[in-house]
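Spelled out, the chains give:
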Amino acid sequence: MNILTQDIKYLQGVGPNRATLLANELGIQTVGDLLAYYPYKYVDRSRIYKICDINGNMPYVQLCGQIASFESIGEGRGKRLIAHFSDGTGFIDLVWFQGIKYVAKNYDCRKSYIVFGKPTVFNGKIQIAHPEIENAPEHLKPQARTTGNLFEEQPSNPNLQEAELEAQPTVFKGLCPSYNTSEKMKKGGLTSASMAKLTANMFKLIKEPLQETLPPYIVTQHRLMSYDDAVRNIHYPSSPDALRHAQLRLKFEELFYVQLNILRYVKDRQLRYKGIVFDTIGKQFNNFFFKHLPFELTGAQKRVIKEIRADMKSGRQMNRLLQGDVGSGKTLVALMVALIAIDNGCQACIMAPTEILAEQHLETLRKFLSDMPVRVELLTGAVKGKRRTEVFEGLVTGDIHILVGTHAVIEDNVLFHKLGLVVIDEQHRFGVAQRAKLWMKNSVPPHVLVMTATPIPRTLAMTLYGDLDVSVIDELPPGRKPIRTIHMFDAHRLRIYELMHRELQLGRQIYIVYPLIKETEKMDLKDLEAGFEEISKAFPAYKVSKVHGKMKAADKDSEMQRFANHETHILVSTTVIEVGVNVPNASVMIIENAERFGLSQLHQLRGRVGRGADQSYCVLVTKYELSNTTRKRIQVMVDTTDGFEIAEQDLKLRGPGDLEGTQQSGMAFDLKIANLAQDGQILTLARDTAQAVITSDPEERNQQNNILWIRLRQLRKSNINWGAIS
Ligand code: ADP
Ligand code: MG
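By convention here, each chain's residues receive numbers from 1 onward along its written sequence. Labels are handed out in written order, letters beginning with A for the chains and numbers beginning with 1 for the ligands. It should be noted that, the model being predicted, local features are given only for residues of pLDDT at least 70 and side-chain atom pairs only at 80 or more, the latter also being counted only at that level, while totals for whole chains, interfaces and linings use all residues. With hydrogens and water stripped out, all remaining heavy atoms of the structure feed into the side-chain values.

Peer 1: Explain the packing of aromatic side chains to me, please; I cannot follow it from the model alone.
Peer 2: Centre distance within 6.5 Å is the pairing criterion for rings of Phe, Tyr and Trp, where only the six-membered ring of Trp is used; planes under 30 degrees apart are then read as stacked, over 60 as edge-to-face, and the remainder as tilted. Per the counting criterion, the structure on display carries 13 aromatic pairs. A ring pair is formed by Phe 256 and Tyr 257, whose centres lie 5.3 Å apart and whose planes are at 80°; its orientation type is edge-to-face. The same class applies to Phe 256 and to Tyr 257, which are both buried. Both rings, one in Tyr 511 and one in Phe 563, keep their centres 5.2 Å apart while their planes meet at 55°; by these two values the pair is tilted. Here the residue Tyr 511 occupies a position in strand 18 (residues 509–513), and Phe 563 occupies one in helix 20 (residues 553–564), the gap between them amounting to 52 residues. Exposure categories follow from relative accessible area, calculated using a 1.4 Å probe and restricted to protein chains: below 20% of the type maximum is buried, above 50% is exposed, and the middle band is partly exposed. Classification of Phe 563 by relative accessible area gives buried; the value is 1%. Feature note: the residues Phe 252, Phe 256 and Tyr 257 constitute an aromatic cluster, connected by ring pairs. Consider the ring centre and the ring normal. A charge sits over the ring if Lys NZ or Arg CZ is within 6 Å of that centre and within 35 degrees of that normal. It is Arg 47 that lies over the ring of Tyr 49; its NZ or CZ is 4.2 Å from the centre. Against the face of Phe 532 rests Lys 546, its NZ or CZ located 4.6 Å from the ring centre. Strands are runs of DSSP state E lasting at least two residues, helices are runs of H or I lasting at least four, and both sets are numbered from the N terminus onward.

Peer 1: I tried to follow the site of ligand 1 on my own but got confused; where do I start?
Peer 2: Working definition: residue near molecule or strand if any one of its non-hydrogen atoms lies within 4 Å of it. Not every one of the 18 residues close to ligand 1 is listed here, only the nearest: Glu 296, Gly 327, Lys 330, Thr 331 and Arg 480. Polar contacts, as used here, are pairs of N or O atoms within 3.5 Å; protein pairs need one atom able to donate a hydrogen and one able to accept it. Residues neighboring in sequence count only if both atoms are side-chain atoms. At 2.6 Å, a backbone N or O of Gly 327 approaches an oxygen atom of ligand 1. For ligand 1, an oxygen atom lies 2.7 Å from a polar atom in the side chain of Thr 331. For ligand 1, whose unbound accessible area comes to 570 Å², protein coverage reaches 81%. Here the shell around ligand 1 gets three residues from one element, more than from any other, and that element is helix 13 (residues 330–343). When grouped by side-chain class, the residues that make up the shell around ligand 1 number six nonpolar, seven polar and five charged. Exposure was quantified through the Shrake-Rupley algorithm and a 1.4 Å probe, taking into account, for residues, occlusion by the shown protein chains and nothing else. Each residue gets one of three labels, nonpolar for Ala, Val, Leu, Ile, Met, Phe, Trp, Tyr, Cys and Pro, charged for Asp, Glu, Lys and Arg, and polar for the others, Gly among them.

Peer 1: Quick question: what am I supposed to make of the sheet that holds strand 11 (residues 347–351) here?
Peer 2: Adjacent strands of a sheet pair through backbone hydrogen bonds, lying either parallel or antiparallel. Strand pairing requires that DSSP identify at least two bridges connecting the strands. Ordered in space as 12-13-11-14-15-10-16, the seven strands form an open sheet in which the pairing is parallel. Among the strands making up the open sheet, the edge pair consists of strand 12 (376–379) and strand 16 (469–473). Averaged over all pairs of adjacent strands, the angle between strand axes in this sheet comes to 20°, irrespective of strand direction. With five bridges connecting them, strand 14 (residues 419–425) and strand 15 (residues 447–452) associate as parallel partners. Directly across from Val 422, in strand 15, lies its bridge partner Val 448. Against the sheet, helix 12 (residues 299–312) touches strand 10 (319–324), strand 14, strand 15 and strand 16, its axis set at about 160° to strand 16. By definition in these notes, contact holds between two residues if any of their heavy atoms fall within 4.5 Å. Here an axis means a line fitted to C-alpha atoms, over the contact stretch when the element is a helix, while the angle between two N-to-C directions is reported on a 0 to 180 degree scale. Running over the sheet, helix 15 (residues 385–397) touches strand 11, strand 12 and strand 13 (402–405) and is turned about 125° from strand 12.

From the geometry alone we can't say anything about function, so treat these as descriptive.
Structural data, given as structure tokens:
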């Protein structure tokens, strides 16, 4: 029987209770699952430090000594237990805030312990909070000493003791694994240390070398460590070098299968679906281009329109991602491409993430198309009754050429005469699986263009949108001045008011944005209300409007409209305006509590100004005390307006899991070991290798690759997201 499929319950040290914990908390049910539960870090336990050598800047250290006495301090929530610990060279405090009873019951004075943890300084004293602690092995115990001697500040013969300690071999060798565990696990006695015991027991069982999970030719080609070596070394590295090789091997493998999955899906999609051929550029497009277009297209706009056009006449279904910073003119590109669809007897549909944005798109398109015989209609949840029926009818007869709306447009009951193109604007959640729903909208699936102003770092795009071709608008329309970004503290409010006065006098308008976090919505609203009052008082000569998510949609819209019509001068709001408005006359964006926003969100907000030809400003207001990372984030905003640069920095500072829009992307994103922020090179190698497999063995006849397809099927089965896209 395969050891890896064996129930984890029967592994030495597990048993029924822990098996339940492992299953519930980590999804570990078999030995194989435990094998794939990698440590999140390693600590060097080859060395035992002397307390007199310890300072608060050291990383994790290991000590050997005895507890002189316990002391209980404080009451209620502030209660803590301190153990005064000594090895004869000095004292250090071990501190517990939780599990106090357990510690007091299980550890005794005068017994020898190995203590392991991170020293910190508190009130001028060095302490280790919540150390790992276990009985010292025999050979390390200070022998034939009375406790009295041992705990004197100056041991009777300190040199002797040092010599003893250093001469002895230590129990713990090399790099020891640390495993993530949950609170529940810790309560059930499953700490990182006990997990390490379990993995050690596991390797006692796994005697035979584990089967390779990549074809040997790929292993050799990239000089990878074998799978067997890699998993053994990832848990118990034989050396730092071996650990690096093990990590490389496992990261490569993980990314390779993600890419193989995506690229094979792309291949299948291409085989299965033909694309509608748009071979003419006709009346509408030319009419618009020569007679209605109010300005020159930028070079970048021309280039991406050509790229899209090439896709749409190729006979393959287009699946393209259009990246372009805020204000780079993506809407116009969408419109012109839609006109090509119309010229070829098809309808187009443009999807926006919110009703407000959909309405704005509708308005923009109608303005661009005024006097042209192109019918544009709106479909959102707000379109009801007779209007809705009319839209449904117009779509079936083909009278409606362009439908603009929210995701309501792809519901099953929305039927088209002939849908040739779908443009998806700013929808990160619209992953591969959701896009696949569109294929059913027409006998031949429509071409798909995904547009985003959230610049996605290359590594992320290759994973999140790995099945899409990419076009980039890397140029803003001419005449725009870069926005000046200023970081100010709360205390500088008067200087902020000065700037506001100056701009208002020039006839410009101002946004003030407050963060909104769901859990504390009430409090945030209070901030916003207070800000609104304050601003109204400070600027009596000007009209101030207020918009937030708790308002009725109609009220919200009318307030927005008033601001857009320049009937009000200052708009105080929550982030509802993030994607919702385009007011070229607004020149100042003030973001309150800027420390609470993510970088790409700040970038989006900032993009609301700088839409006209005049100098615009973005003021990031924060409290004075900022964490290092936050200060760096704010600095990135001050230093650059380049969205890609910001996205790269965001990825570096926060890691991909936190990056906006990645969590619900609908794409496999559950990486165990690879880190998209750091492993870009490995990712590129993995993608190239996966592409080479698909290109060189399209029929999957190469015996050597069998192992790949078997493994891919397994992975698709065990990962819902992976399966969903095929
Ligand atoms: P985004 O890429 O953020 O969706 P928009 O499509 O909203 O940008 O365009 C921002 C503004 O720039 C709009 O007012 C649009 O009319 C204008 N615009 C787009 N293309 C050009 C161009 N080539 N020249 C001048 N203005 C342009
Ligand atoms: Mg846009």
